[in-house]
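Overview (structure and organization)
Chain residues, written in single-letter form:
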Amino acid sequence: MSLTGIIVLVLVAVIILSVLFALFHIFIMLLPVAVVAIGIIWLLLKLSAKKGGNMPSSGDFDNPFNKNKSTSKRKKARNVTTKDVDK
């Protein structure tokens, strides 16, 4: 490899590294802004929620149709066998 080839490779590497550094620097500088925005949004949602509101708890996200899990009067079946139906 000639001297000019080495110089070109080094210059390309320097340009790529400087662009990456600039992008990461901008990203790192925007992190505090994002944290403040997240805090403000969280605070607004927390203050605007009603005291007995209809906000679902973490368990309601799994199955929103089964609201009364603990108040069910039926017990699970034990020692149950099934038979085929003859037609």
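Heads up: the structure comes first, above all this text.
Just so you know, these numbers come straight off a predicted model, no measurement behind them.

1. Notes on the overall build of the chain
When its secondary structure is counted, the chain shows 1 helix and 0 strands. Within the chain, the proportion of its 87 residues that are buried is 0%. As presented, the chain carries roughly 9300 Å² of accessible surface, and 69% of it is formed by carbon and sulfur atoms.

2. Examining unusual backbone geometry
Positive phi values are uncommon outside glycine, yet asparagine 79 reaches one of about 50°. On the secondary structure map, asparagine 79 appears in the segment after α1 (3-48).

3. A short note on a nonpolar patch on the surface
Together, Val8, Val12, Ile15, Ile16, Leu17, Val19, Leu20, Leu23, Phe24, Phe27, Ile28 and Leu31 give the surface a local cluster of nonpolar side chains, amounting to about 1200 Å² of exposed area. Considering the arrangement of structural elements, one finds isoleucine 15 in helix α1.

4. Quick look at α1
Here α1 is 46 residues long and its end C-alpha atoms lie 67 Å apart, about the 68 Å a rise of 1.5 Å per residue gives. Of all the bends in α1, the greatest, near 30°, is centred on leucine 31, and the proline proline 32 appears no more than four residues after it.

What counts and what doesn't
Residues numbered from 1 in each chain as written. Predicted model: local features only at pLDDT ≥ 70, side-chain atom pairs only at ≥ 80, totals over all residues. Heavy atoms only, no water. Helix = DSSP H or I, 4+ residues; strand = E, 2+ residues; numbered from the N terminus. Buried < 20%, exposed > 50% of the residue type's maximum accessible area, 1.4 Å probe, protein only. Areas by Shrake-Rupley, 256 points an atom, 1.4 Å probe, with all protein chains shown as cover. Patch = residues over 30% accessible without salt bridge, like charges linked within 9 Å, V, L, I, M, F, W, Y side chains within 5 Å. Salt bridge = Lys/Arg side-chain N within 4 Å of Asp/Glu carboxyl O. Expected span 1.5 Å × (residues − 1). Bend = angle between axes of the 7 residues up to and from the residue.

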